[in-house]
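The residues making up each chain are set out below.
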Amino acid sequence: MKNSKSILTATFCLVVICLVVTGAVAGTRYAFSDEIAAQEWQQQQTTMSKLIKAEDYQQLTNDYAANGQLYEAITAAGETAGFIAITAEYGYGSEVSVMTAITPAGQVAGIEILDASQETPGLGQNVTRSDFTKQFDNLTASPKVVKQKAADNEIQAVTGATRSSNAVAGAVTKALALYEKEVG
């Protein structure tokens, strides 16, 4: 009887501690949500500026779950420098998130892998390397992933990471489709 009381007391204390800690974390996140959002936007703009230099980035779409997000990069003179799409596709371990820069003429200016952290270390995570991402530069159509030497509109897969390579190509294909739907 005494053992069951001590077990119940310990369980109750553990539940209370978990509730208090969860409430504290949620409350802190809520209290600083504006600052967190501002920092996330600043980080996103920094990544965007690596791909297309612009004065401002205006969001055109906000349906990330279905198609992705599309931004217009605007110069100081008010002209369109290009478009940036943020899309994702499922790879080997989880979604691979990709930022794709597209020129006003509809050509891929470059890509940046935002998240491939759940892909296999040493294999799938190699899609973040510049020798792989540079293959997407100047594409005008959906890329096809091949295992051997790539030709026009083909991307050579990272060795041992075909699923991850296909995920990046799929995200770029989504970006081009989003551009075509909204702009082209």
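Here we summarise the structure given alongside this text. Note that the structure is a prediction, hence the values are computed from the model and not measured.

Cut-offs used in this document
- Residues numbered from 1 in each chain as written.
- Predicted model: local features only at pLDDT ≥ 70, side-chain atom pairs only at ≥ 80, totals over all residues.
- Heavy atoms only, no water.
- Helix = DSSP H or I, 4+ residues; strand = E, 2+ residues; numbered from the N terminus.
- Rg over C-alpha atoms; globule rule 2.2 N^0.38 Å.
- Buried < 20%, exposed > 50% of the residue type's maximum accessible area, 1.4 Å probe, protein only.
- Contact = heavy atoms within 4.5 Å.
- Areas by Shrake-Rupley, 256 points an atom, 1.4 Å probe, with all protein chains shown as cover.
- Lys, Arg positive; Asp, Glu negative; His and termini not counted.
- Charge placed at Lys NZ, Arg CZ, Asp CG, Glu CD.
- Salt bridge = Lys/Arg side-chain N within 4 Å of Asp/Glu carboxyl O.
- 1 Å grid on protein atoms, 1.4 Å probe; cavity = no way out; pocket = protein on both sides within 12 Å on 5 of 7 lines; lining within 4 Å.
- Points joined across faces, edges and corners; volume = space filled by probe spheres on them.
- Nonpolar A, V, L, I, M, F, W, Y, C, P; charged D, E, K, R; others polar.
- Patch = residues over 30% accessible without salt bridge, like charges linked within 9 Å, V, L, I, M, F, W, Y side chains within 5 Å.
- Pairing = 2+ DSSP bridges.

1. Considerations on the overall build of the chain
In step 1: Within the chain, the regular secondary structure consists of four helices and seven strands.
In step 2: Taken from N to C terminus, the helices and strands of the chain fall in the order α-α-β-β-β-β-β-α-β-β-α.
In step 3: The globule rule puts the C-alpha radius of gyration for 184 residues at 16 Å, and the 22 Å found for the chain is more than 25% above it.
In step 4: The principal-axis extents of the C-alpha atoms in the chain amount to approximately 75 × 45 × 25 Å.
In step 5: Within the chain, the fraction of its 184 residues that count as buried is 34%.
In step 6: Considering only contacts in the chain between residues 6 or more positions apart, those separated by 24 or more positions represent 45%.
In step 7: Taken as a whole, the chain presents about 11000 Å² of accessible surface, with 53% of it coming from carbon and sulfur.
In step 8: Here the chain holds 13 positive side-chain charges and 19 negative ones, and the gap between their average locations is 14 Å.

2. Things to note about the pattern of salt bridges
In step 1: Across all of its chains, the model carries two salt bridges by this definition.
In step 2: In this structure, Glu89 and Lys174 form a salt bridge, with 3.4 Å as the shortest nitrogen-oxygen distance. With Glu89 in strand β3 (residues 80-90) and Lys174 in helix α4 (residues 162-182), this pair connects stretches of sequence that are 85 residues apart.
In step 3: In this structure Glu89 comes out as partly exposed when scored by relative accessible area, which is 28%.
In step 4: The residue Arg129 makes a salt bridge to Asp131 at a minimum N-O spacing of 3.0 Å.

3. Describing the layout of surface pockets
In step 1: Put simply, the largest pocket is a space of about 190 Å³.
In step 2: Looking at the lining of the largest pocket, the elements with two or more residues in it are α2 (33-51) and β4 (95-102).
In step 3: Top element by residues in the lining of the largest pocket is α2. It accounts for four residues.
In step 4: Taken together, the residues that form the lining of the largest pocket break down as four nonpolar, five polar and one charged.
In step 5: By volume, the second largest pocket amounts to about 160 Å³.
In step 6: Lining the second largest pocket are Leu51, Ala109, Gly110, Ile111, Glu112, Ile113, Thr128, Arg129, Ser130, Thr133, Lys134 and Asp137.
In step 7: Per-class residue counts for the lining of the second largest pocket are four nonpolar, four polar and four charged.

4. Re a nonpolar patch on the surface
In step 1: A cluster of nonpolar residues, Phe12, Val16 and Val20, forms a patch on the protein surface that exposes about 290 Å² of accessible area.
In step 2: Among the secondary structure elements, Val20 is positioned in helix α1 (residues 2-31).
In step 3: For Val20, a relative accessible area of 55% puts it in the exposed group.

5. A short note on the pairing of strand β5 (residues 108-115)
In step 1: Here β4 pairs with β5 via six bridges, running antiparallel. Considered in β5, the bridge of Met99 is made with Glu112.

6. A closer look at the environment of Pro104
In step 1: Looking at the secondary structure, you find Pro104 in the loop between β4 and β5.
In step 2: Taking the C-alpha atoms as reference points, Pro104 and Arg129, 25 residues apart in sequence, are found 26 Å from one another.
In step 3: Beyond its immediate chain neighbours, meaning those up to four positions away, Pro104 contacts Thr80, Ala81, Gly82, Phe83 and Tyr179.

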